[in-house]
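This is what each chain is made of:
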Amino acid sequence: MEHYQIVNCHCHDYLELACMRGYGLLLELKQRANLTATAITLETHSDKTEWLIVDNNGTQESIRLDQIVAVTPTDSGASFQRVKIAS
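Since we're looking at a predicted model, the values are computed, not measured.

Peer 1: Just give me the short version of the overall build of the chain, but keep the residues and values in it.
Peer 2: A tally of regular secondary structure across the chain gives one helix and six strands. Going from the N terminus to the C terminus, the chain shows its helices and strands as α-β-β-β-β-β-β. Relative to the 2.2 N^0.38 estimate, which gives 12 Å for 87 residues, the radius of gyration of the chain is 12 Å and therefore close to what a compact globule would have. Each of the 87 residues in the chain was classed as buried or not, and the buried ones make up 44%.

Okay, structure coming up:
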């Protein structure tokens, strides 16, 4: 995988909120099909890459933040709408 590109800090706020509230998210991804999953937590690995951990139909999946183009909450009443993460 390519060199990690740090994600803008304001994007972390939205992702952290999604994790805290357990939002369902539509994840638009760079190198694979879109994914609908539930946000669980964010992790930073020892190599300084950052990851969103989601529940995908009962299976935990790790998605590197710089591979996410945008996230859109699927929960009604979510406190934010579509947020662009990476270009």
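Back to the write-up after that little detour.
Peer 1: Lay out the pattern of salt bridges in plain terms, naming residues and giving numbers.
Peer 2: One pass over the structure, following the stated rule, counts three salt bridges. The salt bridge partner of R82 is E28, with a shortest N-O separation of 2.9 Å. Residue R82 is found in the loop between β5 (68-73) and β6 (83-84), and its partner E28 is found in strand β1 (residues 24-29); the two are separated by 54 residues along the sequence. Overall, R82 belongs to the partly exposed group, its relative accessible area being 49%. Between D66 and R64 there is a salt bridge; the shortest N-O distance is 2.7 Å. Each member of the pair, D66 together with R64, is buried.

Rules used in this analysis
Along each chain, the written sequence defines residue order, and numbers are assigned to residues from 1. Per-residue local features of the predicted model are confined to residues with pLDDT of at least 70, and side-chain atom pairs are confined, for both listing and counting, to 80 or more; whole-chain, interface and lining totals are unaffected and use all residues. Only hydrogens and water are set aside when side-chain values are computed; all heavy atoms of the structure are taken into account. Here a strand is any run of E in DSSP of at least two residues, a helix any run of H or I of at least four, and the numbering for each starts at the N terminus. Radius of gyration here uses only the C-alpha atoms, and the compact-globule reference equals 2.2 Å multiplied by the residue count raised to the power 0.38. Three labels apply to residues, based on accessible area from a 1.4 Å probe with only protein chains included: buried if under 20% of the type maximum, exposed if over 50%, partly exposed otherwise in between. We define a salt bridge as a side-chain nitrogen of Lys or Arg found within 4 Å of a carboxyl oxygen belonging to Asp or Glu.

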